[in-house]
Amino acid sequence: MLLPIISAFLGILAFLPFNFWFLAFFFLVPFFIFILKEKGLVKLVSGAFVFKIIFLAGTAYFVLEPLLFLFSILIFLGFSISIFLAKKITKYSNLIIAAIIPFLWVLFDILEARYSFLPFYVITLGNTIGNSPFLGLANYGGIIFLTFFAALINILMAAIILKFDKNLGLLKNRFSAILAIIAIALFLAGWQFSQSNLQKNSNDYNSRQKILKTAVLSNNEKFDEEFLIFKENTFSEDEKKLAEAMILDKLKLIRTDIIGKNIDILVFPEDMIDIEIWNNADKQAFEKFNISNAGILISSYGWLAKELNTYLAATITTIRNGKRYNSTILFDRNGELIDISDKSILTITSEWWPFEKWYPFYYNWFLKTAPDINKNIALFNKKYNYEWGRKKLLKTGDFEFASLICIETHYPNEFKKSMELGAEFIINSSNSRWVPSGLNHYLYLTTNLRKIESVWQNVPIIINGRDEKAGIITPDGKTDLINFESGSENYGLFVGEVGY
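This report concerns the structure included in the present document. Only a predicted model underlies this, so the values are computations on that prediction, with no experimental measurement involved. (Residues numbered from 1 in each chain as written. Predicted model: local features only at pLDDT ≥ 70, side-chain atom pairs only at ≥ 80, totals over all residues. Heavy atoms only, no water.)

## What to know about the overall build of the chain
To be explicit about the condition: Helix numbering and strand numbering both begin at the N terminus, where a helix is a DSSP run of H or I of at least 4 residues and a strand a DSSP run of E of at least 2. Two things to know: the radius of gyration comes from C-alpha atoms, and the globule rule equals 2.2 Å times the number of residues to the power 0.38. Per-residue accessibility, obtained with a 1.4 Å probe over protein chains only, is compared with the maximum for each type, and a residue is labelled buried under 20%, exposed over 50%, and partly exposed between these values.
When helices and strands are counted, the chain shows 13 helices and 12 strands. Over its C-alpha atoms the chain spans a radius of gyration of 25 Å, differing by no more than 12% from the 23 Å that the globule rule assigns to 500 residues. Principal-axis analysis of the C-alpha atoms gives the chain an extent of 80 × 55 × 40 Å. Burial analysis of the chain (500 residues in total) assigns 56% to the buried set.

Here it is as structure tokens:
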């Protein structure tokens, strides 16, 4: 059982923001040796369980949820069960087992990420390569190919260490040198192909003729803390007047920073000003899109778009036909609301909860320590459930783009769907205030994944959010990002150009 534990701790180091990317090609070696040597189902499953529980505790502690962690591990245990069945079928031929391990690892690593209900693509094996010289290999298949490439190097290293002893049913010792040569050749070839792909993407991106001058804003929790004086989502008339004045004060500060910069599009973070105002509709928003809430906020954003003569994208909660959506709304240069798209992948517990009134007992502790939490989380209050949206593009007449809200960018297939619709660039606005600890770690891993997706689909990504970096990721793997606060200001403003 020592080997899975060693692998787990090496894996934790590989995913830390210290960027020990090279460990991606080594940290699974002890675990793979364990998998090759063990024959019993109980030991194989136990070793996989120990490896995964330690690994998750050290890499995904920012989303610690015991029940969902356990469900995630159960998915992963299919890897060790599959190995056991393969050994039975092949009569314990470790040569065959070694050959299929990279494929099985990719299968269960991706299945776990896709179906665990948690943003676990950031801790798939390939994601640690997102900040390495091998990033360009994402051209061949994104996170899946990177995961396979790393798993292949790991199993070759494991086979070399085992020396392919006859007693293990593998190759003879003299072939260890050949395997070492193959591993080194793959490593060097991967490096060269990666650099070539990144250069190709860079040349393609820099040759694009259409350029958008973009302003992107991120903010921290203090930015809108004064709005906490509004205790309910139904406002009195006096509260509406006060809220409007407070919103305009915030937007005038932003206007001062941007005016005169000739911005083409301004992107606000998700829930930049976190008020919904259920009994307040903007006439235009209601007539065009049936939005029955947040009228003051919507009209104020439209005012700023007109003042700055820019397109403006903002992500807010909209209520339509009595249903809640997490939506990106788009204004034109005249301040007219012209389009809307909704989040299609929701976050469990905060945005949806499938188990009606039941929830795990340990959530009672949250209710005791933070009694107001039940006011705005779907887990405790069903009226805060969100509806699942439909994937679509936002269109201006000048350009078309997709808005992937928060964890939507954590799902590569959803990212690819946006590109298949014809997106010329991607906006990813997130809300990371749910991260109780390890924010820098989470942002590092998330940025890695978005770099992989940008290279994979050859598309720039504009990123921002609450407690999130603001800036641009380009298809050559480069990032130009600023922090979500600047000096004494509670927000950071990035201004740059996007080719599309």
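Let us keep going from here.
## A word on the packing of aromatic side chains
Here is the rule: Classification of ring pairs uses Phe, Tyr and Trp, with its six-membered ring standing for Trp, and accepts pairs whose centres are within 6.5 Å; under 30 degrees between planes counts as stacked, over 60 as edge-to-face, and the remaining range as tilted. Whether a charge sits over a ring comes down to the Lys NZ or Arg CZ being within 6 Å of the ring centre and within 35 degrees of the ring normal.
Using the criterion set out here, one finds 58 aromatic pairs in the structure. Between Phe 15 and Phe 27, the aromatic rings sit 6.2 Å apart at their centres with planes inclined by 75 degrees, giving edge-to-face as the arrangement. With Phe 15 in helix α1 (residues 2–15) and Phe 27 in the loop between α1 and α2 (29–37), the pair connects residues that are 12 residues apart, well separated along the chain. Given a relative accessible area of 2%, Phe 27 falls into the buried group. Among the aromatic residues, those joined into a cluster by ring pairs are Phe 15, Phe 27, Phe 31, Phe 32, Phe 34, Phe 51, Phe 55, Phe 76, Phe 79 and Trp 105. Here Lys 250 stacks its cationic end above the ring of Phe 223, 4.7 Å away from the centre of that ring. The ring of Tyr 386 is capped by Arg 324, whose NZ or CZ atom sits 4.4 Å from the centre of that ring.

## Thoughts on the nonpolar core
For clarity, the cut-off: Take the buried residues of types Ala, Val, Leu, Ile, Met, Phe, Trp, Tyr and Cys, join any two whose side-chain atoms come within 4.5 Å, and each joined set is a nonpolar core. Note on definitions: a residue-residue contact is assigned when non-hydrogen atoms from the two residues lie within 4.5 Å.
Membership of the largest hydrophobic core comes to 88 residues, with the highest contact counts inside it found for Phe 31, Phe 32, Phe 79, Ile 101, Trp 105, Phe 120 and Ile 123. If near-sequence neighbours (up to four positions away) are discounted, Phe 120 is found in contact with Leu 56, Ala 60, Val 63, Phe 69, Ser 72, Glu 112 and Ala 113. The next biggest cluster of nonpolar side chains, apart from the first, holds 37 residues, and it includes Phe 235, Met 272, Ile 275 and Tyr 491.

## Some thoughts on unusual backbone geometry
For Asn 19, which is not glycine, the phi torsion reads 60 degrees and is therefore positive. Tracing the sequence through the fold places Asn 19 in the loop between α1 and α2. Residue Asn 19 is classed as partly exposed on the basis of its relative accessible area of 22%. Here the phi dihedral of Glu 356 falls at roughly 50 degrees; this positive angle occurs in a residue that is not glycine. Looking at the secondary structure, you find Glu 356 in the loop between β5 (337–342) and α11 (363–369). For Glu 356, a relative accessible area of 56% translates into the label exposed.

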